[in-house]
Amino acid sequence: MDLRDFIARCEAAGELKRVKAEVDWNLELSHVAKLVEEKGGPALLFENIKDYNSPVFTGAFGTSRRLAIALGMPEDYSICDLAREWTKKTISELIPAQEVEDGPVTENVVEGNDVDLTMFPVPKFYPLDGGRYIGTAVFLVVRDPETGKINLGTYRMQMLDEKHCGVQILPGKRGDRILKKYKKMGKKMPAAAVIGCDPLLFLAGTLMQAGASEYDVVGSVRGEPAEIIVSDLTGLPIPASAEIVLEGEIDPDDLRPEGPFGEYTGYYTDELYQVKKKPCLAVKRILHRNNPILWATSVGRPVTDVHMLLSFTRTAALWSDLERMRIPGIQSVYVLPESAGRFWAIVSVKQMYPGHSAQVGNAVIATTTGSYGIKGVIVVDDDIAADDIPRVFWALAVRYNPLRDTEIIKRGRSTPLDPSLDPDSNKLITSRIIMDATIPYEWEKKPVEIKFDEATLAKVRERWKEYGID
Ligand SMILES: Cc1cc2nc3c(=O)[nH]c(=O)nc-3n(C[C@H](O)[C@H](O)[C@H](O)COP(=O)(O)O)c2cc1C
């Protein structure tokens, strides 16, 4: 699948609208996209952008149905169902990417002095943003100089001028750790920014999947290898049917002002008060398809397609992590889109021994996924699905006893983007809470839930029409 296949499938399913009226890339486009998303509306293909001839695509993952279309899974699946399937597929053997000679991405090659990022209809999203953002639905391909492994990572990218993009690689990310290796070696890091491709590759670029190449992870979900071209400029593998690829290098010593940018938390960071210097991609060559589609996410407070995407990827990654830890009894896992897709997780467990639920809560925050940014974990019994929020709150109301069932962990890794952290701190450390809303396994006299009388229920169902209620 490439982006065009995905768009066609969304259109066939009534999940896409083409906007033919002229729309300004400056604020108007992002405002239309956000308003449509707030109503749970369709993905949008803006075909008539002021000053430009090529389109912009937004709202890819605004509904779980569109996530399902991207994943090639049944369209009525919930985020939990999709994550369960993803976990099953990626926990087994990965399918390595396949190198091909050529692909549509090389239909146009722009190099040297002709490199000009303003050739694309790059949106400006919100009035206080530092500029136009070319990379919102983007991933950066780099190679670890020590291990030779390829890493895909999604980091926002601001168009700084015709030939440079600011790249916000946050401290501690794999991308950051790799860049530091180049710095130590006194070398520039070859890099390729991919905008518009198989939507699964973008999803994979946002995953903190330790050890595996994201190309291979996507292959295993698709059931066939991702097709890649190895660039003669950077030596990096890029998707053969990408829409736009910006190829170049990042000089670890060339930091430039980037931001501010309205974040997925719904807030600006303290960059609003003091702009920070970030790594910068010097673009040497642009590859793009004919009539390239610039893919953009919406930004702003939950729920946007970014939160749906984060909820799915964090749920899937957390679920796989727990499976790998061989914790028995996990029924379902859910990282809520409303928690900005990352801050709160719910896990349903079939308890099998005393302390099992506590083990689950602690395990969540010890996983690779949970140890980064999750602030709250709620554990419920197996009679409640992790995404059944009314029932989760019922459990919090009637099974949870705060003094007994709360654990506060004082220190854990945070995202510096969390606006609840003290603005004068380094914003790298957060506390966490585990709320165990299960009935203690060891209780002999467990609360007895009210249940229907089965015989009466059968009779009522049989006579239902006679009551004349509906
Ligand atoms: C839409 C979107 C935008 C993101 N922007 C950034 C960003 O600007 N900087 C960053 O460090 N992580 C960002 N992330 C999270 C990273 O993509 C994620 O942590 C990923 O695992 C990073 O890859 P790495 O661990 O291989 O470095 C973003 C995620 C999404 C879904």
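Keep in mind it's a predicted model, so treat the numbers as computed, not measured. (Residues numbered from 1 in each chain as written. Predicted model: local features only at pLDDT ≥ 70, side-chain atom pairs only at ≥ 80, totals over all residues. Heavy atoms only, no water.)

*Asks:* Tell me about the packing of helix α1 (residues 3-12) against helix α3 (residues 64-71), and please be specific about residues and values.
*Replies:* Contact pair α1 / α3: the axes reach a minimum separation of 10 Å and the direction vectors enclose 135°. Judged on the interaxial angle alone, α3 and α1 are oblique. α3 is crossed by α1, and the crossing has right-handed handedness. Residues F6, R9 and C10 of α1 form the contact with α3, whose participating residues are R66, I69 and A70. Partitioned by chemical class, the residues of the contact of α1 with α3 number four nonpolar, no polar and two charged. (Axes fitted to C-alpha atoms, helices over the stretch in contact; angles between N-to-C directions. Helix = DSSP H or I, 4+ residues; strand = E, 2+ residues; numbered from the N terminus. Parallel < 35°, antiparallel > 145°, perpendicular 65-115°, else oblique. Left-handed = near helix turned anticlockwise from the far one by under 90°. Contact = heavy atoms within 4.5 Å. Nonpolar A, V, L, I, M, F, W, Y, C, P; charged D, E, K, R; others polar.)

*Asks:* I'd like a rundown of the site of the ligand, residues and numbers included.
*Replies:* Lining the immediate surroundings of the ligand are 19 residues, of which T154, Y155, R156, Q168 and K173 lie closest. In this structure, an oxygen atom belonging to the ligand sits 2.7 Å away from a main-chain N or O atom of T154. L170 places a polar main-chain atom, nitrogen or oxygen, 3.0 Å from an oxygen atom of the ligand. In the complex, the protein chains occlude 92% of the 630 Å² of accessible area that the ligand would expose alone. For the shell around the ligand, the elements supplying multiple residues, two or more each, are β8 (150-153), α5 (174-185) and α8 (305-324). Its residues assigned to classes, the shell around the ligand shows eight nonpolar, eight polar and three charged. (Near = heavy atom within 4 Å. Polar contact = N/O pair within 3.5 Å; in protein donor to acceptor, adjacent residues only side chain to side chain. Areas by Shrake-Rupley, 256 points an atom, 1.4 Å probe, with all protein chains shown as cover.)

*Asks:* Now, about the packing of aromatic side chains: what can you tell me, with residues and values included?
*Replies:* Both the distance between ring centres and the angle between the ring planes are used here to describe each pair of aromatic rings. This model, assessed by the stated rule, comprises 10 aromatic pairs. On the basis of an interplanar angle of 90° and a centroid distance of 5.5 Å, the ring pair of W86 and F312 is categorised as edge-to-face. Placement of the pair is W86 in helix α4 (residues 79-91) and F312 in helix α8, with a sequence separation of 226 residues. For W86, a relative accessible area of 1% corresponds to the buried category. Cation over ring: R342 sits above Y372, and NZ or CZ is 4.6 Å from the ring centre. In this arrangement the basic side chain of K375 is found over the ring face of F343, its NZ or CZ atom lying 5.0 Å from the centre. (Phe/Tyr/Trp six-rings, centres within 6.5 Å; stacked < 30°, edge-to-face > 60°. Buried < 20%, exposed > 50% of the residue type's maximum accessible area, 1.4 Å probe, protein only. Lys NZ or Arg CZ within 6 Å of the ring centre and 35° of its normal.)

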